[in-house]
Amino acid sequence: PTMYDRALQALVKLALEPEWEAKFEPNSFGFRPGRSCQDAIEAIYVSIKQKAKYVLDADIAKCFDRINHKALLEKLNTFPTIRRQVRAWLQAGVMDGSKLFPTSEGTPQGGVISPLLANIALHGMENRIKQAFPKRRVTIDGKRVQKSEAALIRYADDFVILHEDIAVIQKSQQIISEWLSGIGLELKPSKTHISHALNKYEGKDPGFDFLGFTVRQFPVGKHQSGKNGHGELLGFKTLIKPSKKKINLHSEALGKIIETHKSAPQEELINRLNPVIRGWANYYSTVVSKEVYSEIDHIIYQQLRAWAKRRHPKKDLHWITAKYWLVRTEGWVFSTKDGKDKNLRLYKHSETPIIRHVKVQEGRSPYDGDWIYWSSRMGKHPEIPKSVATLLKVQKGKCAHCGLFFKDGDSLETDHIIPKSKKGKDSYDNLQLLHRHCHDEKTANDSSSGRQSGCNSTEPKPTKTETPKERGDIFAPLKKDSQRSRKMGNEVGVTNPKSLRSRVMGNLQARFCRRGGEATP
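Residues numbered from 1 in each chain as written. Predicted model: local features only at pLDDT ≥ 70, side-chain atom pairs only at ≥ 80, totals over all residues. Heavy atoms only, no water.

Colleague: Describe the overall build of the protein chain, and please don't skip the residues or the numbers.
Modeller: When helices and strands are tallied, the protein chain shows 19 helices and 15 strands. Split into buried and exposed, the 521 residues of the protein chain put 40% on the buried side. Nonlocal contacts in the protein chain, meaning residues at least 24 apart in sequence, comprise 63% of its contacts between residues at least 6 apart. If you sum the accessible surface of the protein chain, you get close to 30200 Å²; carbon and sulfur atoms cover 52% of it. (Helix = DSSP H or I, 4+ residues; strand = E, 2+ residues; numbered from the N terminus. Buried < 20%, exposed > 50% of the residue type's maximum accessible area, 1.4 Å probe, protein only. Contact = heavy atoms within 4.5 Å. Areas by Shrake-Rupley, 256 points an atom, 1.4 Å probe, with all protein chains shown as cover.)

Colleague: For the pattern of salt bridges, give the residues involved together with the corresponding values.
Modeller: Working definition: two side chains of opposite charge can pair if their charged atoms are close together. The full count for this structure, using the stated rule, is eleven salt bridges. Asp368 is the salt-bridge partner of Arg364, the closest N and O atoms lying 3.7 Å from each other. Residue classification places Asp368 among the partly exposed positions, given a relative accessible area of 36%. (Salt bridge = Lys/Arg side-chain N within 4 Å of Asp/Glu carboxyl O.)

Colleague: Any chance you could break down empty space enclosed by the protein for me, citing the residues and the numbers?
Modeller: Considering all chains together, one arrives at one cavity of 30 Å³ or more under this definition. Taken as a whole, the largest cavity encloses approximately 30 Å³ of empty space. If you trace the largest cavity, you find it lined by Phe31, Cys63, Phe64, Pro115, Ala118, Asn119, Leu122, Ala156 and Asp157. Among the elements of the structure, helix H3 (63-66) and helix H6 (114-122) are those that each provide at least two residues to the lining of the largest cavity. When residues of the lining of the largest cavity are assigned to their parent elements, the largest contribution, four residues, is made by H6. Here the lining of the largest cavity is built from residues that sort into seven nonpolar, one polar and one charged. (1 Å grid on protein atoms, 1.4 Å probe; cavity = no way out; pocket = protein on both sides within 12 Å on 5 of 7 lines; lining within 4 Å. Points joined across faces, edges and corners; volume = space filled by probe spheres on them. Nonpolar A, V, L, I, M, F, W, Y, C, P; charged D, E, K, R; others polar.)

Colleague: Describe the sheet that holds strand S9 (residues 208-210), naming the residues involved and giving the relevant values.
Modeller: Within the open sheet, the three strands sit side by side as S9-S10-S11. Their pairing is antiparallel. A strand with exactly one partner marks an edge of an open sheet, and here the two such strands are S9 and strand S11 (236-242). Averaged over all adjacent pairs, the angle separating strand axes in this sheet is 25°, with direction ignored. The pairing of strand S10 (residues 213-219) with S11 spans seven bridges and is antiparallel. Bridge pairing in S11 links Gln217 to Thr238. (Pairing = 2+ DSSP bridges. Axes fitted to C-alpha atoms, helices over the stretch in contact; angles between N-to-C directions.)

Colleague: Outline the pairing of S10, supporting the account with residue identities and numerical values.
Modeller: Taken together, the three bridges between S9 and S10 define a ladder with antiparallel strand orientation. For Phe210, the partnering residue across the bridge sits in S10 and is Phe213.

Colleague: Go over the nonpolar core, please, and point to the residues and values.
Modeller: Membership of the largest hydrophobic core comes to 48 residues, with the highest contact counts inside it found for Ile44, Phe210, Leu273, Leu304 and Phe334. Ile60, Met125, Ile161 and Tyr201 belong to the second-largest nonpolar core, a separate cluster that totals 43 residues. (Core = buried A, V, L, I, M, F, W, Y, C linked by side-chain atoms within 4.5 Å.)

Colleague: Mind laying out the environment of Lys244, listing which residues take part and the relevant values?
Modeller: Along the chain, Lys244 falls in helix H9 (residues 244-260). Judged by relative accessible area, which is 69%, Lys244 ranks as exposed. When the C-alpha positions of Lys244 and Thr214 are compared, they lie 8.0 Å apart, and in sequence the two are 30 residues distant.

Colleague: Could you give me a rundown of the confidence of the model for the protein chain, with the residues and numbers involved?
Modeller: Confidence in the prediction for the protein chain averages 82 pLDDT; 82% of positions are at 70 or higher. No element of the protein chain has a lower mean pLDDT than helix H18 (residues 492-495), which averages 42, and none a higher one than H9, which averages 95. Segment residues 517-521: pLDDT under 50, and six contacts once partners within four positions in sequence are set aside and those in other chains are kept. (pLDDT = per-residue confidence, 0-100.)

Colleague: Any chance you could break down the sheet that holds strand S7 (residues 158-163) for me, citing the residues and the numbers?
Modeller: Backbone-to-backbone hydrogen bonds join strands into a sheet, with any given pair of strands oriented parallel or antiparallel. Spatially, the four strands line up as an open sheet ordered S6-S7-S1-S8, and their pairing is antiparallel. A strand with exactly one partner marks an edge of an open sheet, and here the two such strands are strand S6 (151-155) and strand S8 (193-196). Averaged over all neighbouring strand pairs, the angle between strand axes comes to 20°, with direction disregarded. Direction of pairing for strand S1 (residues 54-59) relative to S8: antiparallel, over a ladder of four bridges. Its bridge partner being in S8, Leu56 is matched across the sheet by Ile194.

Colleague: An account of the packing of aromatic side chains is needed here, citing residue identities and associated values.
Modeller: Under the defined criterion, the tally for this structure stands at 15 aromatic pairs. When the ring of Tyr324 is compared with that of Phe334, the centres are 6.3 Å apart and the planes differ by 15°; the resulting orientation is stacked. Here Tyr324, found in helix H12 (residues 317-324), pairs with Phe334, found in strand S13 (residues 333-334); they are ten residues apart in sequence, far enough to count as distant. Owing to a relative accessible area of 3%, Phe334 belongs among the buried residues under this scheme. These aromatic residues form a ring-pair network of at least three members: Tyr301, Trp307, Tyr324, Trp325, Trp332 and Phe334. Note that Arg278 overlies the ring of Tyr347, its terminal NZ or CZ placed 4.0 Å from the centroid. (Phe/Tyr/Trp six-rings, centres within 6.5 Å; stacked < 30°, edge-to-face > 60°. Lys NZ or Arg CZ within 6 Å of the ring centre and 35° of its normal.)

Right, dumping it as structure tokens:
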């Protein structure tokens, strides 16, 4: 889409998304604000941690390309103006060079609104499965036993169905196929299979892969086994790890970076590797990944040793190690040695702490008005830098400039309270988290004396027991300025009514801004 269409799609999305976020099913996680892959993985763990289950792992074939337009518009059920605009986007066609190809099905590729439309089209899958296999109580051998409902967990066009009965899983596959045919979609046979989380099923190894994670249950003894709600031993343990496929792809990607930097300086190689390592390690930092991290670090060491040996073929390993690794001080850290205070070092996977992810509460939406909940979640998100999470916790989810709560999707920036150009430090007591637009305003005023009427004053607060703000005296700064002007022999600041009114309004605006409200004239 053109830039105009992208902007218009973003506007329509702002109108539709709050309504549909209140309707979407609780276990739908893909392309939704405030939800992530880690939430989907945690939902799977919660579903199977107490009981071994069969799993239908399925993928929808060409989901974005084959959605039926008529079925989508009927499900959208919105205002005529928006409906006509969405239909125009769906039927706009695709330009390839000078040729126009009509689009009779599917959503616009690369469009801002396409993920939302796909989620709307797939809305109802989870409810259909729960209607077919609800939670119920049955009699087995004279005992009343509660049968759990089938759980469907979806991320975009990938989903899994979990249940303890194989017949329910097989029937669910038929129900989903029939349901998808109503919107012009079908399951992809090559990526649809049934397995068991604990035991082999039809010759297949236990466990399954989903979103780059391997979910599997292992038989264990009584000392490592968990217990169910009745205190009975389960006899197995559920572990979620990075999948072998993703581990191999990551190792190959790092090897290619090292291969393409054969003759590059060590600093350039480290700067290229660190973002890749940090991003991959943060993604898997919520599951059992410590052993995998150590294995990949060892692989990187071997690749870097070959890289260094190629650069110095006539030197022995002791000389190479002393040149490129800090062995005595930090313990086999690939780092520069330029004599400065801080050497540039390679980040290790194993340095990433493992912190369990807390699944988003069912029925929650960033548009529900509970900014305290969503601000605390943003601070605990595994892909948010530690410094941002720390500042969010200290500021209780509020912008230090405007006093408003941060929302999911806001552009956050870290600001130095005292600018570095004025000898400000990089310590937490000199850092604050701001909206991007608030940061622009604050930076624009950093060169001034810091006595603006807004909320960005950097001067220290009064140390008196009772400040003018506590007394509610909004004229205190005006009186202080008046006394200063009298000493200088200038009475304009006191006698000029217009100047008096402007100073009073400026102080009123400052007080309202600090409280997060709006000043009225």
